[in-house]
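Residue-level listing of the chains:
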Amino acid sequence: SKMTHDLRHRRLSSRSALVRPVATIMLVLTCRLQAAAGFVRPSGATAGAAAGAAASALPSRLVSDANNAAGVSSSPFITATCSPANNRYARGCYGRVRLYSRGGGDSSGDFSRQFLPIVASDENAKARVRLYSSASASADDGTSTDTAEKARVVFLGTPEVAATSLQAIYDATQCDPACPFEVVGVVTQPPKRRKRRGKAIPSPVGLVAEELDIPVLCPDKAKDGQFLDALETDMRPDLCITAAYGQYLTKRFLAMPQFGTLNIHPSLLPRWRGASPVQRSLEAGDQPIGVTVLFTVSKMDAGPIVAQEEYEVGADEQATTVLPHLFDVGTKLLLNAMPDVIAGEITMDNAQQQNEEEVVNAAMIDSSEGELKVWKEDATACHNKARGFSMWPSTYMYFQIGDDDDDESEPVRVKILKTHVLDEKVEPTQVVGLGPKKGDGLRIVCHDGSVLEAMQVQPATKKAMDAKSFMNGMRGQTLRWVEMPEENEDAE
């Protein structure tokens with residue numbers, strides 16, 4: 001259990017002074033199993049004289065439990081043969097049994113390390129040991145004299161989707177004490193008032209950071225000198241992560257973390273660089289869509305790609321649900337890549353460069369783009385726009401209520417919240433009616449005869465409602481869509 005894990009870990013820590021000889025290293029190994037290059041398998045159970053002397057200080061029951069879990073009968077030690085190019089320390093596990101490194105290297109580059117299982121487990125699985133570069137090494141004997149420190153991670157983000165990512169990254173550091181990184185700080189947009197006279201409320205990321213007791217910086221601008229000074233002297237990031245932060249990062253900022261800055265971007269880069277990637281990809285009807293983890297550079301979303309995953313989006317899925325899903329997937333990709341980035345195995349130099357010829361920009365959305373212009377757009381185009389703009393600004397149409405000769409009736413603006421495209425074509429008409437079956441929506445016929453079905457609408461000053469409730473409010477009056485004059489036509 002986790003409690004047993006923690007108790008045994010504390011017992012071992014209390015005896016660290018006895019367990020660690022002056023001339024050896026004790027490094028915590030990670031339990032994360034990865035299939036990338038650099039893994040090796042333990043060759044069996046052997047005992048070394050120096051390691052055996054150190055092990056005698058450990059509680060016999062703990063060693064016995066660990067041996068039983070790892071399938072070791074004659075000795076508490078497991079030997080893994082590694083072939084690093086330079087001095088390295090190892091991180092790994094034997095099944096779910098965490099291991100400590102207890103050996104050094106030689107000048108040949110091939111050496112064996114002995115590992116002591118320290119956590120009992122019922123799972124008897126094979127170990128995979130990952131090699132990571134050590135920051136401190138001795139040129140004389142090829143051994144490290146300092147325990148490896150965790151990489152310092154600073155997270156930058158603002159909205160709810162970024163808050164979920166922050167929580168997942170923090171949880172990863174807490175689930176495994178041997179995690180190679182820790183979250184030491186958060187940067188987010190300043191608190192804002194949600195109401196005119198209300199109290200300023202921190203961003204969703206700021207609220208999560210406060211709950212987790214993580215230091216927070218909220219600069220008005222990321223280029224502010226005092227903010228950059230505080231980041232450099234107080235938080236001292238080794239790696240930065242951005243997720244919908246919302247501000248441009250300066251060259252000084254990007255030069256701080258030794259492992260760079262990683263960004264979660266919800267599109268298949270280089271397609272849809274910019275502020276509204278999910279909205280634009282849904283508006284364009286892209287299939288598949290996806291998410292990318294990339295290094296951040298001065299040019300927006302133009303950095304080398306670390307990881308990327310496609311997503312087959314449903315025909316009626318909207319940005320409201322797609323965006324959180326893509327950030328969840330992107331966070332998993334990020335967590336999988338972070339150990340390699342910290343190890344120096346994934347860098348700006350060897351990550352996948354983007355093809356500039358395939359770049360498509362995702363321009364910021366203007367509220368005027370939300371009108372569904374059925375007199376010149378077909379049902380699929382209107383439906384995709386409704387999907388993409390579901391978060392903001394949403395889509396809308398103008399309707400005339402009453403008979404043709406009722407000139408006193410002003411067109412009313414109605415938000416179109418959820419739509420569906422019918423697989424049929426009919427004679428073009430401006431008259432809008434309810435479908436014949438139970439649960440049908442408003443049938444809006446476009447200029448080409450394609451039919452857009454509005455399933456959920458919201459009249460001005462009213463709450464969102466289904467199509468039947470909206471038509472019941474018409475009390476039998478005729479409903480027609482109308483074309484409103486363009487703004488430039490009004491100006492003329």
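Residues numbered from 1 in each chain as written. Predicted model: local features only at pLDDT ≥ 70, side-chain atom pairs only at ≥ 80, totals over all residues. Heavy atoms only, no water.

1. Describing the sheet that holds strand S16 (residues 289-295)
Note the following rule: For two strands to be treated as a pair, DSSP must find no fewer than two bridges joining them. To qualify as a helix, a DSSP run of H or I must reach at least 4 residues; to qualify as a strand, a run of E must reach at least 2; elements of each kind are numbered from the N terminus.
Judged by pairing direction, the sheet is mixed, and its 7 strands sit side by side in the order S12-S9-S8-S13-S14-S16-S17 without closing on themselves. Whereas interior strands pair on both sides, the edge strands pair on one side only; in this sheet they are strand S12 (216-217) and strand S17 (305-311). Sheet topology places S16 next to S17; 6 bridges connect them, and they run antiparallel. By the bridge assignment for S17, valine 291 is matched with glutamate 309.

2. Digging into the layout of surface pockets
Heads up, the condition is: Of the two site types, the cavity is a set of points on a 1 Å grid over the protein atoms alone where a 1.4 Å probe fits but cannot get out, and the pocket is an open set with protein on both sides within 12 Å along at least five of seven lines, each lined by residues with an atom within 4 Å of a point. Grid points are joined across faces, edges and corners, and a volume is the space filled by probe spheres set on the points. As a working rule, the residues Ala, Val, Leu, Ile, Met, Phe, Trp, Tyr, Cys and Pro are called nonpolar, Asp, Glu, Lys and Arg charged, and the rest polar, with Gly in that last group.
If you add up the space inside the largest pocket, you get close to 1,300 Å³. Lining the largest pocket are 46 residues, with Ala244, Tyr245, Gly246, Gln247 and Ala275 positioned closest to its centre. Of all the elements in the fold, those that place two or more residues in the lining of the largest pocket are helix H5 (160-175), strand S14 (261-265), helix H9 (277-283), S16 and helix H10 (319-342). No other element matches S14, which puts 3 residues into the lining of the largest pocket. Grouping the constituent residues of the lining of the largest pocket by class yields 27 nonpolar, 14 polar and 5 charged.

3. A closer look at the confidence of the model for the protein chain
Using the following cut-off: Confidence scores per residue from the predictor, reported as pLDDT, run from 0 to 100. Contacts are assigned to residue pairs with any non-hydrogen atoms lying within 4.5 Å of each other.
In the predicted model, the protein chain carries a mean pLDDT of 77, and 68% of its residues have values of at least 70. Of the regions scoring below 50 in pLDDT, residues 1-5 engages in 3 contacts with residues more than four places distant in sequence or in other chains. pLDDT under 50 marks residues 7-147. Its contacts with residues more than four places away, or in other chains, come to 277 contacts.

4. A closer look at the side chain of threonine 242
Put simply, the rule reads: Exposed residues in this analysis have more than 50% of their type's maximum accessible area, buried residues have under 20%, and partly exposed residues fall in between, with area computed by a 1.4 Å probe over protein chains only. Pairing of N or O atoms within 3.5 Å defines a polar contact, subject to two protein rules: one partner must be a possible hydrogen donor and the other a possible acceptor, and residues neighboring in sequence count only if both atoms are side-chain atoms.
Turning to its location among the elements, threonine 242 is positioned in strand S13 (residues 239-243). On the basis of relative accessible area, threonine 242 is assigned to the buried category, the value being 6%. Side chain to side chain, threonine 242 and asparagine 263 meet in a polar contact 3.0 Å long. Those residues in contact with threonine 242, other than ones at most four positions away along the chain, are Leu156, Leu249, Thr261, Leu262, Asn263, Ile264 and Thr296.

5. Considerations on the state of the cysteines
The cut-off we apply is this: Two cysteine sulfurs form a disulfide in these notes if their separation is within 2.5 Å.
One pass over the full model with this rule turns up 0 disulfides. The closest cysteine sulfur to the non-disulfide-bonded cysteine 179 is located on cysteine 175, 9.3 Å from its own sulfur. The thiol of cysteine 446 is not disulfide-bonded; the next cysteine sulfur, from cysteine 382, is found 4.7 Å away.

6. Points about the nonpolar core
Note the cut-off: For our purposes a nonpolar core is just a set of buried Ala, Val, Leu, Ile, Met, Phe, Trp, Tyr and Cys residues, chained together by side-chain atoms within 4.5 Å.
Core analysis: the largest hydrophobic core is formed by 50 residues, its most contacted members being Phe155, Phe181 and Met338. If near-sequence neighbours (up to four positions away) are discounted, methionine 338 is found in contact with Val153, Phe181, Leu239, Ile241 and Leu262.

7. Remarks on the pairing of S16
The element S16 is extensively covered by neighbouring structure, given that 7 of its 7 residues are classed as buried. Judged from the 4 bridges that link them, S14 and S16 form a sheet pairing that is antiparallel. Counterpart to isoleucine 264 in the pairing with S16 is valine 293.

8. Some points on the packing of H5 against helix H6 (residues 204-211)
The condition is simple: Axis definition: a line fitted to C-alpha atoms, limited for helices to the stretch in contact. Angles are taken between N-to-C directions and run from 0 to 180 degrees. The labels follow the angle: roughly parallel below 35 degrees, roughly antiparallel above 145, roughly perpendicular from 65 to 115, and oblique for the rest.
Packing of H5 against H6 brings their axes to within 7 Å, and their N-to-C directions diverge by 25°. Accordingly, the angle class assigned to the pair H5 and H6 is roughly parallel. Contacts from Glu160, Ala162, Ala163, Leu166 and Gln167 of H5 reach H6 at Pro204, Val205, Val208 and Ala209. Along the lines of polarity and charge, the residues of the contact of H5 with H6 split into 7 nonpolar, 1 polar and 1 charged.

9. Observations concerning unusual backbone geometry
Residue leucine 269 is joined to proline 270 through a cis peptide bond whose omega torsion reads 10°. In this fold, proline 270 is placed in the loop between S14 and strand S15 (271-274). At the junction of tryptophan 392 and proline 393, the peptide bond is cis and its omega measures out at 0° in the coordinates. With respect to the helices and strands, the residue proline 393 is situated in the loop between helix H11 (379-388) and strand S19 (395-401). Its identity is not glycine, yet aspartate 301 carries a phi of approximately 55°, on the positive side. Residue position: aspartate 301 is located in the loop between S16 and S17.

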